[in-house]
2 protein chains.
Amino acid sequence: MAYDAIETPFDKVDKILGGCATYIALAASQLDVEVSVISIIGDDFEEAHLEMLRKRNIDLSGVETIAGGKTFFWSGRYHNDLNTRTTLQTDLNVLMQFDPKVPTAWTKSEIVLLGNLNPLNQAAVLDQMTSRPKLVIMDTMNYWMDSFRSELDAVIPRVDVLCINDEEARQLTAQNSLVKAAKMIQQMGPKYVIIKKGEHGALLFHKEEVFCAPALPLEEIFDPTGAGDSFVGGFAAYLAQTGTISFEAMKSAIVYASAMASFTVEKFGPQNLETLTEEKIQQRLRAFDQLTKFEIDLA
Amino acid sequence: MAYDAIETPFDKVDKILGGCATYIALAASQLDVEVSVISIIGDDFEEAHLEMLRKRNIDLSGVETIAGGKTFFWSGRYHNDLNTRTTLQTDLNVLMQFDPKVPTAWTKSEIVLLGNLNPLNQAAVLDQMTSRPKLVIMDTMNYWMDSFRSELDAVIPRVDVLCINDEEARQLTAQNSLVKAAKMIQQMGPKYVIIKKGEHGALLFHKEEVFCAPALPLEEIFDPTGAGDSFVGGFAAYLAQTGTISFEAMKSAIVYASAMASFTVEKFGPQNLETLTEEKIQQRLRAFDQLTKFEIDLA
């Protein structure tokens, strides 16, 4: 959980709620599932933000507050095409002392989603689970591949679904072909590989099967921050709600995930996720349906 | 119609059949439609190549042979990622004197596909049509935008479907957003806009409707030459066979088009298109079906 300062070609904001856990939880809370967050914040974290999350039935009993500490802060500027960004400032603050503790009530959780963070933190969460979750989903990014590769390599085999973007998949495997990269990642352990391609959608790989979901073509992308987190949060929640772990269920989950990402990029920070209605979500799912459905004569 | 010399990271070939008309006609000839080509060649053009095309029921009576002339020659090298290429040599040869003549029997054709060529040649074909075709489809590229912009701007309003790639759509409209670019192109005249995104698939725009077809994720792309031409050739032929011009029919046509492109890139030049079977095509269409179909509860 974090505070961000964000500049886009359209606007800027000096302090807005952020952090992967926030986006994941907000996206997941759109469905009728138990959402429980493990994170760390400083006592500067605003009560109104905690309240907003609690009102959405997000269980924050795994969120540690450090007295006198400051919440993680990230500041970045998006360039004109919104596909690239420059990090202006990163203040780890309380994150430097993060030692995630899984509340006893959660140690048998069926689905564990490891947000994009230090692989040592991700491993520490898995270590505390007293029964093997039905599904472990993990997000990560190039930073951990560059600087924590061995720690990352130790967590990846413990994961069922690895969710990364195309450039990260190429970096992780040294393969240019995403099909080859996904095969190699499956050899590392994860049985399912999701490769996010931003405005070009996402691919899901499992053995010889592939599924491709488009991103919704949007006239304007306002702020891409948190799109990947909302995506993976929506993905996990959809699977939790259906209760089925299968390639077929994951296809639908990825479409739901893409819908969540499409909402996120339409406004600054997580604002759009805070005010979504069931009707808006259904409308968007229909848009995805129309975007992709076709009939062709198959002999 | 042309001869190409192609270098890829995997292999090279000094002389292979090429040219947009060749790829278009070969892709179109997979379906049971009348395919008629207007082009120009030198007398160096091999009889075996003409014979191969004729055997596929491609009508070459619009192909002019220049005695003592040399066929258009292009030579290029693809870089490691296969997304970029360097043109090594372009010998226009007989193309310099190309003045397309539409055989009288074809002047009432229902579907006219203007391959990627000088917009003056494209206009000359339209000028010779004695009745307005049901559908005019046009492909073009950045070269004509750079050097023949006013000629290009004169043809675009006469076209129903403009088929270009993402970078070209951005260049043509000075819009970064493809949604905005497609809207602006529709304002120029074409009621339908297809934006090709290579390995990321293709988008079809018409009024407020959008359709997105993925590209088939391939382990290895052997030679991208002609993929866009095969795409548009398959698109036109599919519409000709169904006999319906509508957004729904175009969705299916784009999937068929993507299948044709996916075959083309698997081998050097047009080789794969020369030996396709109905069974292989059906198999690939099923792969596209599986790649994209999902079920999600829609209220």
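Residues numbered from 1 in each chain as written. Chains lettered and ligands numbered in written order. Predicted model: local features only at pLDDT ≥ 70, side-chain atom pairs only at ≥ 80, totals over all residues. Heavy atoms only, no water.

**A look at the relation of the copies chain A and chain B**
Here's step 1: Turning chain A through 180° and shifting it by 0.0 Å along the axis lays it on chain B, with an RMSD of 0.0 Å. Taken together, the rotation and translation describe the operation of a two-fold axis. For chain A, the smallest separation between a C-alpha atom and the rotation axis is recorded for His200 of chain A, amounting to 3.0 Å.
Here's step 2: Both copies share a contact surface, since 100% of the interface residues of chain A are interface residues in chain B too. (Least-squares fit on C-alpha atoms with pLDDT ≥ 70 in both. Contact = heavy atoms within 4.5 Å.)

**Structural notes on the confidence of the model for chain A**
When pLDDT drops low, the exact placement of atoms in the prediction is not to be read closely.
Here's step 1: Considering every residue of chain A, the mean pLDDT works out to 96; 99% of them sit at 70 or more.
Here's step 2: In the model output, the complex is listed with pTM 0.94 alongside ipTM 0.91. (pLDDT = per-residue confidence, 0-100.)

**Considering the interface of chain A and chain B**
A common way to report how large an interface is uses the accessible area buried once the components associate.
Here's step 1: Listed per partner, the contact involves 40 residues of chain A and 40 residues of chain B.
Here's step 2: In this assembly, chain A packs against chain B so that about 3,700 Å² is buried in total across both faces, 56% of it on carbon and sulfur atoms.
Here's step 3: Three residues, Glu219, Phe294 and Ile296 of chain A, lead the burial of chain A against chain B; their summed loss comes to 19% of the area buried on that side.
Here's step 4: At the boundary of chain A with chain B, the tally comes to 6 salt bridges.
Here's step 5: In this structure, the connection of chain A to chain B is made through 18 residue pairs in polar contact (both at pLDDT 80 or more).
Here's step 6: Elements represented by at least two residues in the side of chain A that touches chain B include exactly α7 (178-188), β12 (209-213), α9 (247-264) and α11 (278-292) of chain A.
Here's step 7: Of all the elements, α11 of chain A adds the most residues to the side of chain A that touches chain B, at 8 residues.
Here's step 8: In terms of residue class, the side of chain A that touches chain B is made up of 18 nonpolar, 8 polar and 14 charged. (Buried area = accessible area lost by both parts, 1.4 Å probe. Salt bridge = Lys/Arg side-chain N within 4 Å of Asp/Glu carboxyl O. Polar contact = N/O pair within 3.5 Å; in protein donor to acceptor, adjacent residues only side chain to side chain. Helix = DSSP H or I, 4+ residues; strand = E, 2+ residues; numbered from the N terminus. Nonpolar A, V, L, I, M, F, W, Y, C, P; charged D, E, K, R; others polar.)

**Describing the sheet that holds strand β7 (residues 111-114) of chain B**
All names here are of chain B.
Here's step 1: Pairing is mixed in the open sheet, where 6 strands are placed in the order β7-β8-β9-β10-β11-β12. Since the sheet does not close on itself, it has two edges, and those belong to β7 and β12 (209-213), each with one partner. Sheet twist, expressed as the average angle between the axes of neighbouring strands with direction ignored, equals 15°.
Here's step 2: Where strand β9 (residues 161-165) and strand β10 (residues 192-196) come together, 5 bridges link them in parallel fashion. Looking at β10, one finds that Val161 is bridged to Tyr192. (Pairing = 2+ DSSP bridges. Axes fitted to C-alpha atoms, helices over the stretch in contact; angles between N-to-C directions.)

**Remarks on the pattern of salt bridges**
Opposite charge on two side chains allows them to pair when their charged atoms are near.
Here's step 1: Enumeration according to the criterion identifies 35 salt bridges over all chains in this entry.
Here's step 2: Close ionic contact of Arg77 of chain B with Glu7 of chain B constitutes a salt bridge, the shortest N to O distance being 3.1 Å. Of the two residues, Arg77 of chain B is situated in strand β5 (residues 72-78) and Glu7 of chain B in strand β1 (residues 2-7); the sequence distance between them amounts to 70 residues.
Here's step 3: Residue class for Glu7 of chain B comes out partly exposed when judged on its relative accessible area of 24%.
Here's step 4: Salt bridges linked by common partners bring Glu47, Glu51 and Arg54 of chain A together as one network. (Buried < 20%, exposed > 50% of the residue type's maximum accessible area, 1.4 Å probe, protein only.)

**Observations concerning the packing of helix α9 (residues 247-264) of chain B against helix α11 (residues 278-292) of chain B**
All names here are of chain B.
Here's step 1: Following both chains from N to C, one finds α9 and α11 inclined at 115°, their axes separated by 10 Å at the closest point. The handedness of the crossing between α9 and α11 comes out as right-handed. Contacts between α9 and α11 involve Val255, Tyr256, Ser258, Ala259, Met260, Ser262 and Phe263 from the former and Lys280, Ile281, Arg284, Leu285 and Phe288 from the latter.
Here's step 2: Of the residues belonging to the contact of α9 with α11, the class tally is 8 nonpolar, 2 polar and 2 charged. (Left-handed = near helix turned anticlockwise from the far one by under 90°.)

**Some remarks on the pairing of β7 of chain B**
Residue and element names in this part refer to chain B.
Here's step 1: Residues Val112 and Leu114 of β7 are buried on one face, while the alternating residues Ile111 and Leu113, pointing to the opposite face, are not.
Here's step 2: Judged from the 4 bridges that link them, β7 and strand β8 (residues 135-139) form a sheet pairing that is parallel. When the sheet's bridge partners are listed, Leu114 is paired in β8 with Met138.
Here's step 3: What joins β7 to β8 is helix α3 (residues 119-127), and the crossover it makes is right-handed. (Right-handed = clockwise from strand over helix to strand, strands pointing away.)

**Some points on the packing of aromatic side chains**
Here's step 1: A full pass over the atoms with the stated rule returns 16 aromatic pairs over all chains.
Here's step 2: With 5.6 Å between their ring centres and 40° between their planes, Tyr238 of chain B and Tyr256 of chain B make a pair best called tilted. With a gap of 18 residues between them, Tyr238 of chain B in helix α8 (residues 227-242) and Tyr256 of chain B in helix α9 connect regions that are remote in the sequence.
Here's step 3: Judged by relative accessible area, which is 11%, Tyr238 of chain B ranks as buried.
Here's step 4: With a relative accessible area of 3%, Tyr256 of chain B lands in the buried category.
Here's step 5: Pairwise contacts between aromatic rings join Phe10, Phe222 and Phe268 of chain A into one cluster.
Here's step 6: The positively charged end of Lys15 of chain A is found above the aromatic ring belonging to Tyr3 of chain A, 4.4 Å away from the centroid. (Phe/Tyr/Trp six-rings, centres within 6.5 Å; stacked < 30°, edge-to-face > 60°. Lys NZ or Arg CZ within 6 Å of the ring centre and 35° of its normal.)

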